[in-house]
Amino acid sequence: MTSFLTNLPNLKVYGTPTYFIYLLLAILPLGISLYYGKRLVKYEFLGNLVFLFLMFDGQSFPQLLALLGFLCWQTLIVKFYLNYRRQANQSSVFYLAVFLSLLPLVIIKVTPALIGQNSIIGFLGISYLTFRATGTVIETRDGMIQEIKTYHFIRFLAFMPALTSGPIDRFRRFEKDYQQLPSRQEYLQMVAKAVNYLFLGFLYKFILAYYLGSRLLPILEKQALFYSPHFTWYLVGVMYVYSLDLFFDFAGYSLFAVAISYLMGVKTPMNFNQPFISKNIKEFWNRWHMTLSFWFRDYIFMRFVFMATKKKWIKNRHLLSSLGYLLNMLIMGCWHGLTWYYILYGLMHGLGLVVNDWWLRYKKQHLKWLPHNKLTTGIAIFVTFNFVMLSFLLFSGFLNQFWFGSHILNK
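*Asks:* So what's going on with the pattern of salt bridges? Which residues, and what values?
*Replies:* Per the counting criterion, the structure on display carries 15 salt bridges. Note that Asp298 and Arg170 form a salt bridge whose closest N and O atoms lie 3.1 Å from each other. Here Asp298, found in helix α12 (residues 290–310), pairs with Arg170, found in the loop between α7 (150–157) and α8 (171–179); they are 128 residues apart in sequence, far enough to count as distant. Between Arg297 and Asp298 there is a salt bridge, with its nearest N and O atoms 2.8 Å apart.

*Asks:* Explain empty space enclosed by the protein residue by residue, including any values.
*Replies:* In total, this model carries 2 cavities of 30 Å³ or more according to the counting rule given. Leu23, Ala26, Ile27, Leu30, Tyr43, Glu44, Gly47, Asn48, Phe51, Met160 and Met264 together form the lining of the largest cavity. Elements represented by at least two residues in the lining of the largest cavity include exactly α2 (17–35) and α3 (41–56). The leading source of residues in the lining of the largest cavity is α3, at 5 residues. Broken down by class, the residue content of the lining of the largest cavity amounts to 8 nonpolar, 2 polar and 1 charged. For the second largest cavity, the calculated volume is near 40 Å³. Along the walls of the second largest cavity sit Arg132, Phe156, Phe159, Ala162, Pro167, Asp169, Phe174 and Thr268, which together make up its complete lining. Residue classes in the lining of the second largest cavity are distributed as 5 nonpolar, 1 polar and 2 charged.

*Asks:* Residue-level account of the packing of helix α6 (residues 126–141) against α7, with values.
*Replies:* Closest axis-to-axis distance for the α6/α7 pair is 9 Å, and the angle between their directions is 140°. Classified by the angle between their axes, α6 and α7 sit oblique to one another. Counted together, Leu129, Arg132, Ala133 and Thr136 of α6 and Phe153, Phe156 and Leu157 of α7 form the full contact between these two elements. For the contact of α6 with α7, the class distribution of residues is 5 nonpolar, 1 polar and 1 charged.

*Asks:* Can you tell me about the side chain of Asp169, naming the residues and giving the values?
*Replies:* If you trace the backbone, Asp169 turns up in the loop between α7 and α8. For Asp169, the side chain forms a polar contact with the side chain of Arg173, separated by 2.7 Å. Leave out the neighbours within four places in its chain, and Asp169 touches Arg132, Phe156, Phe174, Thr268 and Pro269.

*Asks:* Please set out the nonpolar core residue by residue, giving values where relevant.
*Replies:* Inside soluble globular proteins, nonpolar side chains tend to come together where they are buried. Core analysis: the largest hydrophobic core is formed by 116 residues, its most contacted members being Tyr14, Tyr19, Met55, Trp288 and Phe392. Tallying contributions element by element places helix α10 (residues 233–263) first for this core, with 20 residues. Excluding residues within four positions of it along the chain, Tyr14 makes contact with Tyr19, Phe20, Leu23, Pro161, Ser165, Phe206, Tyr253, Phe256, Ala257 and Ile260.

*Asks:* Can you lay out the layout of surface pockets for me, pointing to particular residues and giving the numbers?
*Replies:* A volume near 1,200 Å³ is recorded for the largest pocket. Lining the largest pocket we find 41 residues, and of these Lys109, Leu124, Gly125, Tyr128 and Thr164 sit closest to its centre. Considering every element that reaches the lining of the largest pocket, the biggest residue donor is α10, with 5 residues. A class-by-class count of the residues in the lining of the largest pocket yields 23 nonpolar, 14 polar and 4 charged. Space inside the second largest pocket adds up to approximately 900 Å³. Looking at the lining of the second largest pocket, the elements that each hand over two or more residues are α5 (91–115), α6, α12 and α13 (317–336). Residue composition of the lining of the second largest pocket, by class: 21 nonpolar, 2 polar and 6 charged.

Each value, and the rule that gives it
Residues numbered from 1 in each chain as written. Predicted model: local features only at pLDDT ≥ 70, side-chain atom pairs only at ≥ 80, totals over all residues. Heavy atoms only, no water. Salt bridge = Lys/Arg side-chain N within 4 Å of Asp/Glu carboxyl O. Helix = DSSP H or I, 4+ residues; strand = E, 2+ residues; numbered from the N terminus. 1 Å grid on protein atoms, 1.4 Å probe; cavity = no way out; pocket = protein on both sides within 12 Å on 5 of 7 lines; lining within 4 Å. Points joined across faces, edges and corners; volume = space filled by probe spheres on them. Nonpolar A, V, L, I, M, F, W, Y, C, P; charged D, E, K, R; others polar. Axes fitted to C-alpha atoms, helices over the stretch in contact; angles between N-to-C directions. Parallel < 35°, antiparallel > 145°, perpendicular 65-115°, else oblique. Contact = heavy atoms within 4.5 Å. Polar contact = N/O pair within 3.5 Å; in protein donor to acceptor, adjacent residues only side chain to side chain. Core = buried A, V, L, I, M, F, W, Y, C linked by side-chain atoms within 4.5 Å. Buried < 20%, exposed > 50% of the residue type's maximum accessible area, 1.4 Å probe, protein only.

Here it is as structure tokens:
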């Protein structure tokens, strides 16, 4: 039986036109029912199961088993802590619940660095599901969540459109949205937006990202490596092309997830909002991968600042916020992976946020004469854009090969 399952073809999520045909046909009855003011809960549940199976069958079947185990693990933790929170509020129990919720993600991130291979409990999308579950534990501690039905929580975690690629939703927002059916007029507006997001996602993912990542980037990387470790303009080309490919590929996936969610009557939050027109690095993180950025801001940065203020660890608020930025972005870098370039990428953005705050204070105090016009705004956007491009070159891991690859020794 296991051999049969592992030999089945796998349907790559948002990867081919065939997937979209199957998906749109499957959710058509949901759209019709929503148009008439009803939600087909049982049909949606069955469809969700079918697409989860199609996403993780074949060679990815072990990931499906890991996903099912993960859902059981997180549900037990959330239900346990909810029942405990109704009676008591010890910090040690809260920290234990958060640790246990994060533990599967920690294991799969640490395992490659320790033994050189991926963990057997990993699956595509585990980071996004972990952040959803851990956020639910935290909001339960804060008293924002008073009741969680088991099936509702599993439905929230395993919501098919956003399971593998995000965005990272919050339980309270999702549950309220799910329970409150849109009016016919509102749903028609959601469908119109979904169609627009689908076409834009196709442009991003299947045209721009394909050309940049599959056609242009390999040529530039090959030329840059030929001259490595010496700088050439090919390396600059790699920097810009990789960064734009990263954006269009990820933004395309996110648009697909939001579009399908809208068709299913759920307003999943957007993940990108024109990040490359940001005037500073803080604004960039308010526009780039927003659900992840806001998750880290709310649950790491803000809580660190609150605790440090409450415990009076640091009195200087500028120093406190700077340390918060560094901690926040360092953890984000480590989340991507325990490699030098991911960690340095996180520190680079942490330092960028620190310098940005310092510059804004300095400009306010000493450069009041500096005009705010299209020229200065354009310069700010240009500097921010290129800082981000440089950080993405580091993030890509290409420099690891460019500087330290074995090909250098074989020239």
